[in-house]
Amino acid sequence: MSKRVLTTESGAPVADNQNSASAGIGGPLLLQDQHLLEKLARFNRERIPERVVHARGSGAYGYFEVTDDVTDFTHADFLSTVGKRTELFLRFSTVADSLGGADAVRDPRGFAVKFYTEQGNYDLVGNNTPVFFIKDPIKFPDFIHSQKRDPFTGRQEPDNVWDFWAHSPEATHQVTWLMGDRGIPASYRHMNGYGSHTYQWTNAEGEAFFVKYHFKTNQGVRSLSGEQAAELAGRNPNSHQTDLLQAIERGVNPSWTLHVQVMPAADAAEYRFNPFDVTKVWPHGDYPLQRVGRLVLDRNPDNVFAEVEQAAFSPNNFVPGIGPSPDKMLQGRLFAYADAHRYRLGVNHTLLAVNAPKATTAQNYGRDGFMASNATSRGRAAKNYEPNSYDGPTETGRALSAPVSVNGYTGTHEAPQHTKDDDFFQAGELYRLMSSEERSRLVANIAGGLAQVSRDDVIERNLAHFHAADPEYGRRVEEAVHALRED
């Protein structure tokens, strides 16, 4: 029996549904990739009005204070002076569940920061894990479909979850994180945040560096076991929201220390791991953490809907001195996040108070659209085109970040392979870092989910991933799964 051909919305056959088209191997993605853009744009429009992912969230205002000089690496103004403070808004969230879900569940947590800088808003969209499940955005709609409620049964299905992971060996590292002890944070205050992606910093001399962000909680990392989480979710589904709200109301202001890993741009091509693969970390022995500053939350929103639900974070909101890298998942999100907000909140969502710049004024030629107001008219006689002869805002001619060299042929390419770029090495390293007790809990968590899968071939494919990561890891998961299925 021949397989049905996957097509675009217009019926054209899809040649590659695993890799986005890029400018050469490892280069930035191409706007001409109609299949990628169509998948992401359609995916963003599947739900209304809540977010498709990160629907259930909490947030608070605060500030970021620079504690260490990083001007050798970036000329971003808000990082330019030790002691400088910048107002910010931070939104936490669960990823897979809907707005009505519980907080205490095994799921990655969003950690999205909007810095209201004097050069415009800078949005850093991350998670509480340093890695992610997939490395190419063309797979993102499929990944989320596998994790969300099944369209027939109306519930999350282990068959769907583990079947997708069975066909995505690069997910093994993140699955090991998720099923480990940090998979269910005790509260939003007691977890770290990570930029996850690789970003580019550029200094005043135009020298480029690649960076990864690490927000280390100053409250200490605390997590819940599966049993504790199940009890808490049933007793108080709003546990994390309540904890954050009450802590700030009591004046117990949570804080995080920001560190970065800094890689000279010239190191990237020959590094042992692909530095732009979000399923990989940079070991701290290679690129140590360097302290930057302190993030403090000290004010709760007045209205959760107006400020938390309508908060719109777009990773393409950069400021001078900070820019993107060729990280494929980041490149896809540069389009997808902003497009989701234009659909969900309207093209004028940047005028909402929580999203508007606070330390500067937006000046551009955007006009009209859904929910247009006098604020979008920019004055009675203001021109809505550029260039013009009427003293309208003009371009600076100064790039926000350094250019990235590209070469090769357009088309869909697998990511370039570095010396240690298999899908399992870092997952095995993470397993071997765990104590014996942590390993036992990890194995039990994985087996508890995998044993519910109905198809033996899906189970065996997943077991092969854990065997490849570490022989002991695979053996113990296999034994635990078989024991549960025999009961």
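Predicted model only: the values in this text are computed from it and were never measured.

Reading the values: rules and limits
Residues numbered from 1 in each chain as written. Predicted model: local features only at pLDDT ≥ 70, side-chain atom pairs only at ≥ 80, totals over all residues. Heavy atoms only, no water. Helix = DSSP H or I, 4+ residues; strand = E, 2+ residues; numbered from the N terminus. Rg over C-alpha atoms; globule rule 2.2 N^0.38 Å. Buried < 20%, exposed > 50% of the residue type's maximum accessible area, 1.4 Å probe, protein only. Contact = heavy atoms within 4.5 Å. Areas by Shrake-Rupley, 256 points an atom, 1.4 Å probe, with all protein chains shown as cover. Lys, Arg positive; Asp, Glu negative; His and termini not counted. Charge placed at Lys NZ, Arg CZ, Asp CG, Glu CD. Phe/Tyr/Trp six-rings, centres within 6.5 Å; stacked < 30°, edge-to-face > 60°. Lys NZ or Arg CZ within 6 Å of the ring centre and 35° of its normal. Salt bridge = Lys/Arg side-chain N within 4 Å of Asp/Glu carboxyl O. Core = buried A, V, L, I, M, F, W, Y, C linked by side-chain atoms within 4.5 Å. Pairing = 2+ DSSP bridges.

Caption draft 1: Spotlight on the overall build of the protein. In terms of regular secondary structure, the protein is built from 13 helices and twelve strands. In terms of C-alpha radius of gyration, the protein reaches 23 Å, essentially the compact-globule figure of 23 Å for 487 residues. Summarising its shape, the C-alpha atoms of the protein cover approximately 80 × 60 × 45 Å along the three principal directions. Looking at the protein as a whole, 53% of its 487 residues are labelled buried. Across the protein, every contact between residues at least 6 apart in sequence was considered, and the portion connecting residues at least 24 apart equals 75%. Approximately 22400 Å² of the protein is accessible, and the part contributed by carbon and sulfur atoms is 51%. Computed over 50 positive and 61 negative side-chain charges, the separation of the two mean positions in the protein equals 4 Å.

Caption draft 2: Representation of the packing of aromatic side chains. Within this structure, the stated rule accounts for 33 aromatic pairs. Here the aromatic rings of Tyr431 and Tyr473 are separated by 4.4 Å at their centres, their planes lie at 5°, and the arrangement is stacked. Here Tyr431 is found in helix H10 (residues 425-433), whereas its partner Tyr473 is found in helix H13 (residues 471-486), with 42 residues between them in sequence. Across the pair, exposure class does not vary: Tyr431 and Tyr473 are buried alike. In textbook terms, an aromatic cluster arises when at least three aromatic residues are bridged by ring pairs, as seen for Phe43, Phe132, Phe133, Phe140, Phe143, Trp162, Phe164 and Trp165. The ring of Tyr61 is capped by Arg299, whose NZ or CZ atom sits 4.1 Å from the centre of that ring. Against the face of Tyr390 rests Lys383, its NZ or CZ located 4.5 Å from the ring centre.

Caption draft 3: Main features of the pattern of salt bridges. The final tally for this structure, using the stated rule, is 30 salt bridges. The salt bridge partner of Glu170 is Lys139, with a shortest N-O separation of 3.0 Å. With Glu170 in the loop between helix H3 (158-166) and helix H4 (172-178) and Lys139 in the loop between strand E5 (120-127) and helix H2 (140-147), this pair connects stretches of sequence that are 31 residues apart. Lys139 matches Glu170 in its accessibility class, with the two residues each being buried. Across the pair Arg455 and Asp457 runs a salt bridge, and its minimum N-O distance is 2.7 Å. One salt-bridge network, held together by shared partners, links Arg51, Arg91, Glu309 and Arg344.

Caption draft 4: Region of interest: unusual backbone geometry. The omega torsion across Glu386 and Pro387 is 5°, close enough to zero to call that bond cis. Tracing the chain through its elements places Pro387 in the loop between helix H9 (374-377) and strand E12 (410-412). For Ser196, which is not glycine, the phi torsion reads 65° and is therefore positive. Relative to the assigned elements, Ser196 resides in the loop between strand E6 (193-194) and strand E7 (199-202).

Caption draft 5: Expanded view of the nonpolar core. Core analysis: the biggest nonpolar cluster contains 44 residues, and Phe133, Phe140, Phe143, Trp162 and Trp165 have the highest contact counts within it. Of all the elements in the fold, those that place two or more residues in this core are H2, H3, H4, H10, helix H11 (436-450), helix H12 (456-469) and H13. If we skip the residues at most four places from it in the chain, Trp162 touches Val175, Met179, Ile446, Gly449, Leu450, Val453, Val458, Asn462 and Phe466. Listed in part, the 38 residues of the second largest apolar core include Phe78, Leu79, Leu258 and Ile322.

Caption draft 6: Representation of the pairing of strand E2 (residues 57-66) within the structure. Counting buried positions along E2 yields ten of ten residues, so the element is predominantly enclosed. Of the two faces of E2, both are covered, the one formed by Gly57, Gly59, Tyr61, Tyr63 and Glu65 as well as the one formed by Ser58, Ala60, Gly62, Phe64 and Val66. Two strands pair when backbone bridges link them, and E2 and strand E3 (residues 85-94) are joined in this way by nine bridges, in the antiparallel orientation. Among the inter-strand pairings, Phe64 is bridged to a residue of E3, identified as Thr86.

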